[in-house]
Amino acid sequence: MTAESQQLAYVGLGAMGIEIAQLIQCYLIETGNKPLIVHNRTLARAQALKERVPDIQIAESLADLAQADVIFTCLLNDAAVERTIDGLLSAGLKKGAIIVEQSTIAPGVTKSLAERVEAYGAHFVAIPILGPPAAARAGKLKLLAAGSPTIVEKVLPFLTPSAGDKVIRAGDQPHLSMQLKLVGNFFVTAFVESLSEGMTLGEASGVGQDKVKEVIDALFPGTLLTVYSDRIINNTFMDQIHFPLTSARKDATHIVNLAKEHNAKVPITELFLNQLNKVLEKHGDYDMTGISIASREHAGLKADGSRP
């Protein structure tokens, strides 16, 4: 199968999927390939993408793209991915097709889906990513690839260097990259919980969270710690939702389950999850840095970090 003969498709045009799909489409145009076919449960998202890149093709159903050679999926949760794979198989997925899973889902679900797709006569690899949508636009995503090395190498050119500048190969079983993605997300949740506690401690003790912020910027310049602490001190988590609490809860739950399965302990993620649930129930689906509200309120501060 030559590059020129391949038909690519992308399913799931959320905050991340829409950026990656656009980059793939740009790559296809530049290399003289067929335009990308996209599908999203909410048709408006696909139409919005077509306004940005007019040559893109919209599939109104999974059946309309089941004959594609390579199908990328980037969806909200495990159930959405399972429905999509079920739909593609029921619609007569092309034999020998490659499914590239980019969602963050449970490793066990990934393993089960890979087995089903391979038994059907198609291929399944997992290439979840680390990084926000802005990193995709800058070509700075980190790609965590796992599955048959031969198949992985066939699809990587569509993702790097356009969307990602680093590929980490996790192994020849697709679920391994999901495990690695959850370990990566462990650090993200730990950063947010630590910042929430530290900045609250600074404010509650009288030092001031502004001074704590100066320390963070001095010690960890240009890192996620400065990005997340900006959102916490400026309370932008209330109206600028980069990663909602509901999505963070899904990932944190997967992390806790992975740890239990392998007899590891992740108390900071368990605390993160507990704080998240408090804020979600009381305040709503803020950005994940909004978990800082729980630490603030426990210390007798207001939700915005100020004193009563």
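For the structure itself, consult the block above.
Keep in mind the model is a prediction, meaning the values are calculated, not measured. (Residues numbered from 1 in each chain as written. Predicted model: local features only at pLDDT ≥ 70, side-chain atom pairs only at ≥ 80, totals over all residues. Heavy atoms only, no water.)

1. A closer look at the pattern of salt bridges
Under the defined criterion, the tally for this structure stands at 11 salt bridges. With a closest N to O distance of 2.7 Å, D165 and K142 form a salt bridge. Linking D165 in strand β9 (residues 164–171) with K142 in strand β8 (residues 141–146), this pair joins segments that are 23 residues apart in sequence. For the salt bridge of E153 with R169, the shortest nitrogen-to-oxygen distance reads 2.9 Å. Of this pair, E153 sits in helix α6 (residues 149–155) while R169 sits in strand β9, placing them 16 residues apart in sequence. For E153, a relative accessible area of 41% gives the class partly exposed. Each member of the salt-bridge network shares a partner with another, and the members are E19, R52 and R137. (Salt bridge = Lys/Arg side-chain N within 4 Å of Asp/Glu carboxyl O. Helix = DSSP H or I, 4+ residues; strand = E, 2+ residues; numbered from the N terminus. Buried < 20%, exposed > 50% of the residue type's maximum accessible area, 1.4 Å probe, protein only.)

2. Looking at the nonpolar core
Core analysis: the largest hydrophobic core is formed by 37 residues, its most contacted members being Y10, I24, L36, V38, F72 and L141. Put simply, the parts of the chain that give this core at least two residues each are β1 (8–11), α1 (17–30), α2 (43–52), β4 (70–73), β5 (98–101), α5 (133–137), β8 and α6. Top contributing element to this core by residue count: α1, with six residues. The residues touching I24, leaving out its near neighbours within four places in the chain, are L8, Y10, L36, F72, F158 and L159. (Core = buried A, V, L, I, M, F, W, Y, C linked by side-chain atoms within 4.5 Å. Contact = heavy atoms within 4.5 Å.)

3. A closer look at unusual backbone geometry
P161 follows T160 through a cis peptide bond whose omega is 15°. The backbone of N235 shows a phi angle near 55°, a positive value even though the residue is not glycine. Positionally, N235 belongs in the loop between α9 (224–233) and α10 (245–261). The phi dihedral of N263 is positive, around 55°, even though this residue is not glycine. Topologically, N263 is positioned in the loop between α10 and α11 (267–282).

4. Section: the pairing of β1
Residues L8 and Y10 line one face of β1 and the alternating positions A9 and V11 line the opposite face, and both faces are buried. Relative to β4, β1 runs parallel, the two being bridged by four bridges. Bridge pairing links V11 to T73 in β4. Of the strand pairs in this sheet, β1 and strand β2 (residues 37–39) are connected by three bridges, and their pairing is parallel. If you follow Y10 over to β2, its bridge partner there is V38. (Pairing = 2+ DSSP bridges.)

5. Observations regarding the side chain of Q7
Mapping Q7 onto the fold places it in the segment before β1. Of the polar contacts made by the side chain of Q7, one reaches the backbone oxygen of P35; its length is 2.9 Å. Apart from residues lying up to four places away in sequence, Q7 is in contact with K34, P35, L36, I37, A68, D69 and V70. (Polar contact = N/O pair within 3.5 Å; in protein donor to acceptor, adjacent residues only side chain to side chain.)

6. So, the packing of aromatic side chains
For the coordinates displayed, the defined rule picks out four aromatic pairs. Considering the side-chain rings of F186 and F187, the 5.3 Å spacing of their centres and the 70° angle between planes classify their relative orientation as edge-to-face. In this structure, K95 packs its charged tip against the face of Y120, placed 3.9 Å from the ring centre. (Phe/Tyr/Trp six-rings, centres within 6.5 Å; stacked < 30°, edge-to-face > 60°. Lys NZ or Arg CZ within 6 Å of the ring centre and 35° of its normal.)

7. Observations regarding the packing of helix α3 (residues 78–90) against helix α4 (residues 107–120)
Helix packing geometry: the angle between the two helix axes and the distance between the axes. Taken N-terminus to C-terminus, the directions of α3 and α4 make an angle of 5°; their axes are 11 Å apart at the nearest point. The pairing of α3 with α4 is recorded here as roughly parallel in orientation. Every residue of α4 that contacts α3 at D78, V81, E82, I85, D86 and L89 is listed here: V109, L113, R116, V117 and Y120. Looking at the contact of α3 with α4, its residues break down into seven nonpolar, no polar and four charged. (Axes fitted to C-alpha atoms, helices over the stretch in contact; angles between N-to-C directions. Parallel < 35°, antiparallel > 145°, perpendicular 65-115°, else oblique. Nonpolar A, V, L, I, M, F, W, Y, C, P; charged D, E, K, R; others polar.)

8. With respect to a nonpolar patch on the surface
On the surface, a cluster of nonpolar side chains totalling about 300 Å² of accessible area is made up of I168, L180, V183 and F187. Counting residues per element, the nonpolar patch draws most heavily on helix α7 (residues 175–204), which supplies three residues. With respect to the secondary-structure elements, F187 resides in helix α7. For F187, a relative accessible area of 42% gives the class partly exposed. (Patch = residues over 30% accessible without salt bridge, like charges linked within 9 Å, V, L, I, M, F, W, Y side chains within 5 Å. Areas by Shrake-Rupley, 256 points an atom, 1.4 Å probe, with all protein chains shown as cover.)

9. Concerning α1
The end-to-end C-alpha distance of α1 is 20 Å, a good match for the 20 Å that 14 residues give at a rise of 1.5 Å each. Those residues of α1 lying buried are G17, I18, E19, I20, A21, Q22, L23, I24, Q25 and L28. Next to the buried residues of α1 lie β1, β2, α2, β4, α5 and β8. (Expected span 1.5 Å × (residues − 1).)

10. So, the packing of helix α8 (residues 209–219) against α9
Where α8 meets α9, the closest approach of the two axes is 10 Å, and the angle between their N-to-C directions is 165°. As judged from the angle between their axes, α8 and α9 are roughly antiparallel. Like other packed secondary-structure pairs, α8 and α9 cross with a definite hand, here left-handed. Of the residues in α9, those in contact with Q209, D210, K213, I216 and D217 of α8 are L225, T226, S229, D230 and I233. Of the residues contributing to the contact of α8 with α9, the split by class is three nonpolar, three polar and four charged. (Left-handed = near helix turned anticlockwise from the far one by under 90°.)

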